[in-house]
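# Survey of secondary and tertiary structure
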Amino acid sequence: MNYAVYMPTISARIPEADQAELDTVAELLSEDRSTTIRKALREGLETLRTRHAVERYQSGDVAVNQAARLAGLSVAEWLEVAHERNLTTQLTAEDLRADIDTARGL
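Residues numbered from 1 in each chain as written. Predicted model: local features only at pLDDT ≥ 70, side-chain atom pairs only at ≥ 80, totals over all residues. Heavy atoms only, no water.

## What about the packing of aromatic side chains?
Note the following rule: Classification of ring pairs uses Phe, Tyr and Trp, with its six-membered ring standing for Trp, and accepts pairs whose centres are within 6.5 Å; under 30 degrees between planes counts as stacked, over 60 as edge-to-face, and the remaining range as tilted. Secondary structure elements follow DSSP: runs of H or I of four or more residues count as helices, runs of E of two or more count as strands, with numbering from the N terminus. A 1.4 Å probe rolled over the protein chains alone gives each residue an accessible area, and that area as a share of the maximum for its type sets the label: buried under 20%, exposed over 50%, partly exposed in between.
Scanning the model with the defined rule gives one aromatic pair in all. Look at Tyr 57 and Trp 78: their rings are 5.7 Å apart centre to centre, the planes differ by 75 degrees, and that puts the pair in the edge-to-face class. With Tyr 57 in helix α2 (residues 33-58) and Trp 78 in helix α4 (residues 75-84), this pair connects stretches of sequence that are 21 residues apart. Grouping residues by exposure puts Tyr 57 and Trp 78 together as buried.

Quick look at the structure:
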């Protein structure tokens, strides 16, 4: 039995150049425009969340567990992102101890 999944409809105005690029990518992927838009939106949102988390972590505004939450990742996944990007932080020793306690709880 097939059940339809409800997805709300949204609309957005985009420049003609972006529409042309969207159509090109959809054709390259052998997908319809809607599928390509959903994929691009999902991947773009993940990228934006991660970028925001990286910026906050780098500035020392958030600790590891908070950065992971902002990025929508587990702490282990966030630590992998931080390692891949050679991230440094301005966190205090107290912040780092809290992160260690969080990691031990995993």
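## Concerning the nonpolar core
For clarity, the threshold we go by: Residue types Ala, Val, Leu, Ile, Met, Phe, Trp, Tyr and Cys, when buried and joined through side-chain atoms within 4.5 Å, form a set referred to as a nonpolar core. The contact definition used throughout considers only heavy atoms, calling two residues in contact when any of these lie within 4.5 Å.
Counting 13 residues, the largest nonpolar core has Ala 53, Tyr 57, Val 64, Ala 67, Trp 78 and Leu 87 as its most contacted members. Looking at this core, the elements that each hand over two or more residues are α2, α3 (64-71) and α4. The residues contacting Trp 78, other than those within four sequence positions of it, are Ala 53, Val 54, Tyr 57, Val 64, Ala 67, Ala 68, Ala 71, Leu 73 and Leu 87.

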